[in-house]
Amino acid sequence: MDNLTIEKTKSTPAVFFDAGSGVLQMEGESYPENVVKFYAPLLDWLREYLSGEPEEVIMEFKISYFNSSTSKVFITMFDLLEQYVEEGKKARVRWICDEENDVAIECGEEFKEDLESLSFEIEVC
């Protein structure tokens, strides 16, 4: 399967989903004008990737700001990963945020609370 790479813009994060290593990274801000248009290819890629049953998936979010529409997409991603874990496979999330970004830290804590079986690590730098 091919990697997925998308360049960062003012309103969308850089995306590098590495099929070989299982490390899926997003970094930047996310408030695209059309959330569905931007994130549909990412969700499609993730579904296809998980169907190939990779050994381990590590999804890294280093998002400094995101809107509520993006939040819904992140929850969908977490749900897909949680289902994967519930099938006995390995996946985890690394939520990486700046120590001064209280909003990002709080959002990470809220996401973590809603997940039952998916490992969700909050890393404050």
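Refer to the structure presented above.
Summary of the structure given here. Small disclaimer: the values here were computed from a predicted structure and weren't measured.

Comments concerning helix H2 (residues 68-86)
Link 1 in the chain: Given a rise of 1.5 Å per residue, 19 residues ought to cover 27 Å, and the 27 Å separating the end C-alpha atoms of H2 matches this to within 8%.
Link 2 in the chain: Of the positions making up H2, those classed as buried are Thr70, Ser71, Val73, Phe74, Met77, Phe78, Leu80, Leu81, Glu82, Tyr84 and Val85.
Link 3 in the chain: If you follow the buried residues of H2, they end up packed against strand E3 (23-30), helix H1 (35-51), strand E4 (56-66), strand E5 (90-97), helix H3 (102-114) and strand E6 (119-124).
Link 4 in the chain: Just downstream of H2 lies Gly88, where phi reads positive at about 90 degrees.

Points about the side chain of Thr70
Link 1 in the chain: Tracing the chain through its elements places Thr70 in helix H2.
Link 2 in the chain: What makes Thr70 buried here is its relative accessible area of 0%.

So, the pairing of E3
Side chains on a regular strand alternate between the two faces of the sheet.
Link 1 in the chain: In the sheet, strand E2 (residues 14-18) pairs with E3 via five bridges, with the strands oriented antiparallel. Its bridge partner lying in E3, Asp18 is registered against Val23.
Link 2 in the chain: Between E2 and the antiparallel strand that follows it, E3, lie four residues; Gly22 among them carries a positive phi value of about 80 degrees.
Link 3 in the chain: In terms of strand pairing, E3 meets E4 through eight bridges, oriented parallel. Directly across from Met26, in E4, lies its bridge partner Phe61.

Here we look at the sheet that holds E2
Link 1 in the chain: Across the sheet, which stays open at both edges, the six strands sit in the order E1-E2-E3-E4-E5-E6 with mixed pairing between neighbours. Where the open sheet ends on each side, the last strands, each with one partner, are strand E1 (4-6) and E6. Averaged over all pairs of adjacent strands, the angle between their axes in this sheet comes to 15 degrees, without regard to strand direction.
Link 2 in the chain: Here H2 sits on the sheet in contact with E3, E4, E5 and E6, set at roughly 165 degrees to E4.

Focus: the pattern of salt bridges
Link 1 in the chain: Under the counting rule described, the total for this entry stands at seven salt bridges.
Link 2 in the chain: In this structure, Arg92 and Glu56 form a salt bridge, with 3.5 Å as the shortest nitrogen-oxygen distance. In this pair, Arg92 is assigned in strand E5 and Glu56 in strand E4, connecting sequence segments 36 residues apart.
Link 3 in the chain: Between Glu87 and Lys89 there is a salt bridge; the shortest N-O distance is 2.9 Å.
Link 4 in the chain: A single salt-bridge network, built from bridges that share partners, covers Glu53, Glu87 and Lys89.

A closer look at the nonpolar core
Link 1 in the chain: Ranked by size, the top nonpolar core spans 39 residues in total, and within it Met26, Phe61, Phe74, Met77, Phe78 and Trp95 carry the most contacts.
Link 2 in the chain: Taken together, the elements giving at least two residues each to this core come down to E2, E3, H1, E4, H2, E5 and H3.
Link 3 in the chain: Apart from residues lying up to four places away in sequence, Phe74 is in contact with Met26, Tyr39, Phe61, Ile63, Phe66, Trp95 and Phe111.

What counts and how
- Residues numbered from 1 in each chain as written.
- Predicted model: local features only at pLDDT ≥ 70, side-chain atom pairs only at ≥ 80, totals over all residues.
- Heavy atoms only, no water.
- Helix = DSSP H or I, 4+ residues; strand = E, 2+ residues; numbered from the N terminus.
- Expected span 1.5 Å × (residues − 1).
- Buried < 20%, exposed > 50% of the residue type's maximum accessible area, 1.4 Å probe, protein only.
- Contact = heavy atoms within 4.5 Å.
- Pairing = 2+ DSSP bridges.
- Axes fitted to C-alpha atoms, helices over the stretch in contact; angles between N-to-C directions.
- Salt bridge = Lys/Arg side-chain N within 4 Å of Asp/Glu carboxyl O.
- Core = buried A, V, L, I, M, F, W, Y, C linked by side-chain atoms within 4.5 Å.

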